[in-house]
Amino acid sequence: MGSCLSVEEDEHSQSRKKLSSNRTDTPRDSTHGKEGSVNSNTVVIIPKNVKDLRKGPGNGDLDIFTYEEMKLATKHFRPDQVLGEGGFGIVYKGVLDDNMRPGYKTTQVAIKELDPEGLQGDREWLAEVNYLGQLRHPNLVKLIGYCCEGDHRLLVYEYMASGSLEKHLFLRVRAALTWQKRLTIALDAAKGLAFLHGVEKPIIYRDFKTSNILLDVDFNAKLSDFGLARVGPTGDQTHVSTRVMGTYGYAAPEYVMTGHLTARSDVYGFGVVLLEMLIGRRAMDKSRPSREHNLVEWARPLLNHSKKLVRILDPRIEGQYSGRILMKVANLAYQCLSQNPKGRPVMSQVIEILEPLVAQETDREDLVPQNGGGSVTLYEVRKTPKEQSPLKSESEREAQGPAKNGRSKSEPPKECDRYDQSPDDLLLERSTSDGH
């Protein structure tokens, strides 16, 4: 898995590229193409390296900051401003305002400073500038600007107040996401992927996972971290050959085995995340019994069996779902996780499936009171419910698993947890010198 299966072409080797969202050779959803946009310039300069970026930034939509301005925005990188830390380096909470630059409107931001000794290098940093600098979509984190001064490499993003999906799913101190909220997040993320796949030169995200899905104050989901993204196959190409990179448990099996990358590789990653939201477990968890280490291998065979599925569902969504809709979502996850790439839907088809389900569950949630009356249910010690019959038919409105042990009450989440990279993330391979 760590060996180089093939040498990919550097997608930045072309000096100029034109992006549009008018791709017609794959099924598309009518909404996501309207929502997204590209750089207003008809021709965008794509710098191959940092030296080229400094010569001609080529993107008027991004602000270029000095390192001194970054120090002012983060209060000189004070420890209490840290939001999290990962292979890229440290993410700080910052404020851009008139004190930093005269006339600048006060804006809360997240500032990611690349660690020169970290797992990512100039290539990954530049990929984020190139992709997020050109693309705009409601379900992609907005890149506001960057700093490229001396050896300093910083990226300035919109601030996502609710942190990552990973933290809300897997930290006990977090509030539990309701079933309806999980479906909405899945739909938001699907729209982000569909937009990337639908541009004229399709972009394969290549690192779709819960830690890269960030949530704003209203829990709208947006994709972040484009360090591993690359241009996908065009014209008569069926795939692009790449060095295998990503995260164990999320990478598509054919990509791991051959290095062949297609848009359906992202669909597999989407299926893994959808499964995590259904079951409430991580894609890889070595603390479980050996046969349950890999979530997909253990849970996928159970997705089309209603009685078995109900037994393994996340107990925190107990009683919140329609049995009919649950089985449709489980079947979607099953299809996305097909070993055969051609057996997976494209992301526009995923949207077509999810949109009516989200609408139905939203209407249903409005009718059925939730704990606390809100969209988020806190962990609480549950009373043992009476055992209910398993799912019998599509007309049955609710399915409920067996009683679970009580959980401790939620503690207030620490803001510094929001952007942390999971210690359980196992990278397939990252390189600061080799192409990817």
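Since we're looking at a predicted model, the values are computed, not measured.

Caption draft 1: Spatial organisation of the confidence of the model for the protein chain. Averaged over all residues, the pLDDT of the protein chain equals 77, while 69% of them reach at least 70. In the model, residues 1-33 has pLDDT below 50 throughout and makes 93 contacts with residues more than four positions away in sequence or in other chains. Scored below 50 in pLDDT, residues 371-418 makes 93 contacts in the model with residues more than four places away or belonging to other chains.

Caption draft 2: Main features of the UniProt feature "binding site: ATP" (unreviewed entry) in the protein chain. In this structure's numbering, the residues bearing the UniProt feature "binding site: ATP" (unreviewed entry) are Lys112. Checked against the element boundaries, Lys112 lands in strand 7 (residues 107-114). Once residues within four sequence positions are removed from consideration, Lys112 is found in contact with Phe88, Ile90, Val91, Glu128, Arg153, Leu154, Leu155, Tyr157 and Asp225. Of note is the side chain of Lys112, whose polar atom sits 2.7 Å from the side chain of Glu128.

Caption draft 3: Representation of the packing of helix 6 (residues 179-198) against helix 12 (residues 347-367) within the structure. Between helix 6 and helix 12, the shortest axis-to-axis distance is 9 Å and the interhelical angle comes to 155 degrees. It follows from the interaxial angle that helix 6 and helix 12 lie roughly antiparallel. Classified by chirality, the crossing of helix 12 by helix 6 is left-handed. Taking contact as the criterion, the partners of Trp179, Gln180, Leu183, Thr184, Ala186, Leu187, Ala190, Lys191, Leu193, Ala194 and His197 in helix 6 are, on helix 12, Met347, Ser348, Val350, Ile351, Leu354, Glu355, Leu357, Val358, Glu361, Thr362 and Glu365. Its residues placed into classes, the contact of helix 6 with helix 12 shows 13 nonpolar, 5 polar and 4 charged.

Caption draft 4: Expanded view of the sheet that holds strand 6 (residues 89-96). One open sheet holds the 6 strands; their spatial order is 4-9-10-7-6-5, and the pairing between them is mixed. Strands at the two margins of the open sheet, each flanked by one partner only, are strand 4 (63-64) and strand 5 (82-86). Of the strand pairs in this sheet, strand 7 and strand 10 (residues 152-158) are connected by 5 bridges, and their pairing is antiparallel. From the neighbouring strand, Lys112 faces strand 10, where its bridge partner is Leu155.

Caption draft 5: Here's a closer look at helix 6. The end-to-end C-alpha distance of helix 6 is 28 Å, a good match for the 28 Å that 20 residues give at a rise of 1.5 Å each. When you tally the buried positions in helix 6, you get 20 out of 20 residues, the bulk of the element.

Caption draft 6: Region of the structure containing the packing of aromatic side chains. Applying the stated criterion across every chain, the model contains 8 aromatic pairs. Ring centres of Phe65 and Tyr104 lie 6.2 Å apart, and the angle between their planes is 45 degrees; this geometry places the pair in the tilted category. Of this pair, Phe65 sits in the loop between strand 4 and helix 3 (67-73) while Tyr104 sits in the loop between strand 6 and strand 7, placing them 39 residues apart in sequence. Take Phe65: its relative accessible area is 2%, and that puts it in the buried class. Taken together, a centroid distance of 5.8 Å and an interplanar angle of 45 degrees make the contact between Phe208 and Phe270 tilted. Linking Phe208 in the loop between strand 13 (203-204) and strand 14 (213-215) with Phe270 in helix 8 (residues 263-279), this pair joins segments that are 62 residues apart in sequence.

Caption draft 7: Spotlight on unusual backbone geometry. The backbone of Lys75 sits at a positive phi, close to 55 degrees, despite the residue not being glycine. Tracing the backbone shows Lys75 in the loop between helix 3 and strand 5. Among the residues examined, Lys75 registers a relative accessible area of 42% and is labelled partly exposed.

Caption draft 8: Geometry of the pattern of salt bridges. Under the defined criterion, the tally for this structure stands at 15 salt bridges. Note that Asp314 is salt-bridged to Arg182, the shortest N-O span being 2.9 Å. Residue Asp314 is found in the loop between helix 10 (306-312) and helix 11 (323-336), and its partner Arg182 is found in helix 6; the two are separated by 132 residues along the sequence. Under the relative-accessibility criterion, Asp314 is labelled buried at 3%. If you follow the salt bridges from partner to partner, you end up with Glu166, Lys167 and Arg282 in one network.

Caption draft 9: Main features of helix 12. If you check helix 12, its first and last C-alpha atoms are 30 Å apart, about what 21 residues at 1.5 Å a residue would give, namely 30 Å. Turning to helix 12, its buried residues number three or more, namely Met347, Ser348, Val350, Ile351, Leu354, Leu357, Val358, Glu361, Arg364 and Glu365.

What counts and what doesn't
- Residues numbered from 1 in each chain as written.
- Predicted model: local features only at pLDDT ≥ 70, side-chain atom pairs only at ≥ 80, totals over all residues.
- Heavy atoms only, no water.
- pLDDT = per-residue confidence, 0-100.
- Contact = heavy atoms within 4.5 Å.
- UniProt positions renumbered as here; feature names shortened; annotations may be inferred.
- Helix = DSSP H or I, 4+ residues; strand = E, 2+ residues; numbered from the N terminus.
- Polar contact = N/O pair within 3.5 Å; in protein donor to acceptor, adjacent residues only side chain to side chain.
- Axes fitted to C-alpha atoms, helices over the stretch in contact; angles between N-to-C directions.
- Parallel < 35°, antiparallel > 145°, perpendicular 65-115°, else oblique.
- Left-handed = near helix turned anticlockwise from the far one by under 90°.
- Nonpolar A, V, L, I, M, F, W, Y, C, P; charged D, E, K, R; others polar.
- Pairing = 2+ DSSP bridges.
- Expected span 1.5 Å × (residues − 1).
- Buried < 20%, exposed > 50% of the residue type's maximum accessible area, 1.4 Å probe, protein only.
- Phe/Tyr/Trp six-rings, centres within 6.5 Å; stacked < 30°, edge-to-face > 60°.
- Salt bridge = Lys/Arg side-chain N within 4 Å of Asp/Glu carboxyl O.

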